[in-house]
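The lines below spell out each chain.
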Amino acid sequence: MAIDALNEELLTFGQAARRARPKGSSPAAPSTIWRWHSKGIAGVRLETLCLGGTRYTSAEALQRFFDAVTQVREEQGLASISPSDSGTRSQRTASRLQELGLTDD
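Our subject in this report is the structure included herewith. Just so you know, the residues in each chain are numbered from 1, in the order the chain's sequence is written. Local features in a predicted model are, by the rule used here, given only for residues with pLDDT of at least 70; side-chain atom pairs are given and counted only at 80 or more, and totals for whole chains, interfaces and linings are based on all residues. Each side-chain value is derived from all of the structure's non-hydrogen atoms; neither hydrogens nor water enter the calculation.

## Re unusual backbone geometry
One non-glycine residue, A42, adopts positive backbone phi at about 55°. Positionally, A42 belongs in the loop between α2 (30-38) and β2 (49-51). Burial classes follow relative accessibility: with a 1.4 Å probe on protein chains only, a residue under 20% of its type's maximum area counts as buried, one over 50% as exposed, and anything between as partly exposed. We classify A42 as partly exposed; its relative accessible area is 34%. Secondary structure elements follow DSSP: runs of H or I of four or more residues count as helices, runs of E of two or more count as strands, with numbering from the N terminus.

Here it is in C-alpha cells:
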C-alpha cells in the first residue's frame, strides 16, 4: 500500500524516529528510519514518498511496517524467543564453535 499524502500524517525521518520508540526509551536515529526504507527488516520495507526534495513517511506507514514485520517474524517463529530458548540456542552455538575449533575453550 502506498502512502496517501492527502489523508495520512506525513513525518520527516527525524519525526518518525522520535515516534518509533517505546515510551521511556531513547528515540531511534533518523538513519534507522532510512535503513528501514532502503534495506528493510525481514524483507519488509518502510513506505516513503518524496515531496519537494524531502523524503517523508507517515504515522500510518510506520504502523503498517511494524505490523508487517511482526507478522513475518511470527510466521518464521522469531517474534518471541523466551530467555530459556535464547540460552539454549547460545549453548548450542558455543558448542558448535568449539567443535569447529573457533574458540579457545
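Here the narrative resumes, following the displayed structure.
## Let's talk about a nonpolar patch on the surface
Patch criteria: residues need more than 30% relative accessible area and no salt bridge. Like-charged residues are merged within 9 Å; nonpolar side chains of Val, Leu, Ile, Met, Phe, Trp and Tyr are merged within 5 Å. Accessible surface is estimated by sampling points in the Shrake-Rupley manner with a 1.4 Å probe; for residues, cover comes only from the protein chains shown. Think of a salt bridge as a Lys or Arg side-chain nitrogen and an Asp or Glu carboxyl oxygen that are within 4 Å of each other. A cluster of nonpolar residues, L97, L100 and L102, forms a patch on the protein surface that exposes about 280 Å² of accessible area. Positionally, L97 belongs in helix α4 (residues 83-99). With relative accessibility at 34%, the residue L97 sits in the partly exposed group.

## Side note on the environment of A68
As for its placement among the helices and strands, A68 is situated in helix α3 (residues 59-76). Note on A68: relative accessible area 24%, which makes it partly exposed. The spatial distance from the C-alpha of A68 to the C-alpha of A42 is 9.2 Å, given a sequence separation of 26 residues.

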